Amino acid sequence: MPLSEHEQRMLEQMERALYAEDPKFATALEGSGLRTYTRRRVYQAVAGFLVGIALLMAGMVAQQIWISVVGFLVMLGCAVLAVTGWRKAPKPGEHPAAGGGGNRSRPRQRRTVMNRIEQRWQRRRDEQGQ
């Protein structure tokens, strides 16, 4: 059941009030911090990869194979984290997608809290119907 016009107006008023009262918090709710989170995750994965290389070399120098194996596993795990974090990072000026799919050919517009709530509601209804 979609929201009535009265409920939509109420939600829009609450959204405007939130932006007026605390714009920093409202933009944090939009998901703009996702880009910095994924960037930080990629940087951490690169640093971990370098630690893995150091472990690999230390194991070879010390002739301790288990240290080299641990270093290789650290490198592999960090490489996977870096690649998945890099792919999930939204491009500059692009808002992150709420759903997995979507129409990629249409340019993305700034989505409001109301639009996201409606999409989530519709997705839940579709999942329950199947």
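Everything numeric in this text was worked out from a predicted model, so none of it was measured.

Quick notes on the rules
Residues numbered from 1 in each chain as written. Predicted model: local features only at pLDDT ≥ 70, side-chain atom pairs only at ≥ 80, totals over all residues. Heavy atoms only, no water. Helix = DSSP H or I, 4+ residues; strand = E, 2+ residues; numbered from the N terminus. Buried < 20%, exposed > 50% of the residue type's maximum accessible area, 1.4 Å probe, protein only. Contact = heavy atoms within 4.5 Å. Areas by Shrake-Rupley, 256 points an atom, 1.4 Å probe, with all protein chains shown as cover. Patch = residues over 30% accessible without salt bridge, like charges linked within 9 Å, V, L, I, M, F, W, Y side chains within 5 Å. Salt bridge = Lys/Arg side-chain N within 4 Å of Asp/Glu carboxyl O.

**Student:** Mind showing me how you'd approach the overall build of the chain here?
**Tutor:** For the chain, the count of helices and strands is five helices and zero strands. Reading the chain from its N terminus to its C terminus gives the helix and strand order α-α-α-α-α. Buried residues in the chain amount to 15% of all 130 residues. Summarising the internal contacts of the chain: among those between residues at least 6 apart in sequence, 58% fall at separations of at least 24. Total accessible area computed for the chain in this model is approximately 10200 Å², and 61% of it derives from carbon and sulfur atoms.

**Student:** What is the right way to read a nonpolar patch on the surface from this model?
**Tutor:** Residues Ile65, Val69, Phe72, Leu73, Leu76 and Val80 make up a contiguous nonpolar surface patch of about 590 Å² in total accessible area. Tracing the backbone shows Phe72 in helix α4 (residues 65-88). Given a relative accessible area of 45%, Phe72 falls into the partly exposed group.

**Student:** Would you take a moment to explain unusual backbone geometry for this structure?
**Tutor:** Leaving glycine aside, a negative phi is the common case for residues, and trans is the common case for peptide bonds. Despite not being glycine, Gln63 shows a phi value in the positive range, around 55°. Structurally, the position occupied by Gln63 is in the loop between α3 (33-62) and α4. Overall, the relative accessible area of 69% leaves Gln63 in the exposed class.

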